[in-house]
Amino acid sequence: MFGPMLRDPRATRPMLRRHAPGRGAVRVAPPVRRQWSLSLRWPSLEGAGQRLQQIVWPLLLVALGMGLYELTTRLLPLADRPISLISVEGDLQYIDRNAVQQVVQPYLNDSFLRIDLNGLRTDLVDMSWVANASVRRVWPDQLVIQLDEQLPVARWGNTALLNNEGRAFEPEDISRFDDLPQLNGPQRAKRRVMQNYQQFNRLLRPYGHGVAQLELRERGSWFLTTQDGIRILLGRDDLVEKMQRFLTIDQLVLSERREQIARVDLRYSNSMAVTWREPVAPESNGGAK
């Protein structure tokens with residue numbers, strides 16, 4: 001049996017005779033050889049790996065979440081204990097520790113992990129003498145309460161005190177603070193009155209004066225009483241300039257006669273008026289011989 005016959009591709013082309021070059025002769029180009037290449041491509045494994053990761057990772061995350069939930073469920077009862085110790089920290093001078101205990105007592109029914117720390121802190125801050133409070137857990141069964149106390153700087157009206165930020169608070173009894181300066185004014189102006197009080201004090205102290213009373217009237221006029229009992233009428237505007245004018249004249253003329261001054265009126269543009277105290281009449285000694 002004969003195999004397939006191999007034919008020369010050139011055999012199918014007509015044989016051209018070669019003639020000697022001459023006139024009208026035609027040259028025939030040699031045949032062009034063609035080369036064929038074969039490339040094999042295997043299916044890519046990169047896409048399959050990405051698809052596998054997209055399937056496996058969600059399953060791993062779900063399994064991890066379920067494991068953490070199961071672990072937390074089993075360990076939580078072992079870690080959540082009743083609170084055994086409460087520590088109160090802070091430089092406390094006015095805060096009553098019994099009052100603090102009354103605020104904390106309702107929260108002791110909760111366990112270490114379930115106690116409402118934000119609610120406890122809010123109730124502590126609502127106490128009149130507490131300026132700020134923080135509550136934190138200490139493992140395994142303790143609470144630490146840090147209290148910052150109000151710093152009373154002046155009295156506000158007859159029932160409240162002002163702290164150094166100009167905020168009013170109302171303790172049950174302010175009778176022991178009668179030596180503090182008395183400040184008065186509209187409720188909306190508490191911070192402004194406190195700021196002016198502090199500014200006037202800084203101006204007066206180097207000259208031996210101090211603020212005993214400061215009042216802001218509804219129409220905006222300011223009235224100040226020094227610790228020497230001198231009533232100063234400042235008006236509405238240019239308060240610092242007017243106070244500096246008083247201090248200058250006080251050092252030049254009035255310092256030797258302060259006890260005789262009843263009132264100083266600074267509501268003028270470039271001057272001031274002084275009202276003197278009435279001289280005390282000597283007691284009659286008619287019965288003496």
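This text follows the structure it describes.
The notes below deal with the structure included here. (Residues numbered from 1 in each chain as written. Predicted model: local features only at pLDDT ≥ 70, side-chain atom pairs only at ≥ 80, totals over all residues. Heavy atoms only, no water.)

Taken together, the nine strands give an open sheet; going across it, the order is β6-β5-β4-β7-β8-β9-β10-β11-β12, and neighbouring strands pair in mixed fashion. The sheet is open, and its two edges are formed by β6 (168-169) and β12 (273-276), each paired on a single side. Inspection of the sheet shows strand β4 (residues 152-156) paired to strand β7 (residues 182-184) by two bridges, in the parallel sense. Along β7, the bridge assignment pairs Trp-156 with Leu-183. Where helix α4 (residues 190-204) meets the sheet, it contacts β4, β5 (160-163), β6, β7, β8 (211-216), β9 (222-226) and β10 (231-235), and its direction lies at approximately 140° from that of β8. Across the sheet, helix α5 (residues 239-254) lies against β9, β10, β11 (261-265) and β12, angled at about 145° from β10, the strand it touches most. (Pairing = 2+ DSSP bridges. Helix = DSSP H or I, 4+ residues; strand = E, 2+ residues; numbered from the N terminus. Contact = heavy atoms within 4.5 Å. Axes fitted to C-alpha atoms, helices over the stretch in contact; angles between N-to-C directions.)

Among the residues of helix α3 (residues 117-125), Leu-117, Gly-119, Leu-120 and Leu-124 are the ones counted as buried. Relative to the axis of α3, the buried residues are bounded by an arc of 165° and lie together on one face. Check the buried side of α3 and you find it contacts α2 (97-104), β2 (130-138) and β3 (142-149). For α3, the N-terminal cap is Asp-116; the gap from its side-chain oxygen to the backbone nitrogen of Asn-118 is 3.4 Å. (Buried < 20%, exposed > 50% of the residue type's maximum accessible area, 1.4 Å probe, protein only. Arc of directions from axis to C-beta. Polar contact = N/O pair within 3.5 Å; in protein donor to acceptor, adjacent residues only side chain to side chain.)

Here is the key point about a regular strand: its side chains alternate between the two faces of the sheet. Where burial is concerned, most of β10 is hidden: four out of the five residues are buried. Looking at chain direction, β9 and β10 are connected through four bridges and run antiparallel. Bridge pairing in β10 places Leu-224 opposite Ile-232. Connecting the antiparallel pair β9 and β10 is a turn made up of four residues, with Gly-229 showing a positive phi of about 90°. Pairing between β10 and β11: three bridges, direction parallel. The partner of Ile-232 across the bridge, within β11, is Val-264. Crossover connection from β10 via α5 to parallel β11: handedness left-handed. (Right-handed = clockwise from strand over helix to strand, strands pointing away.)

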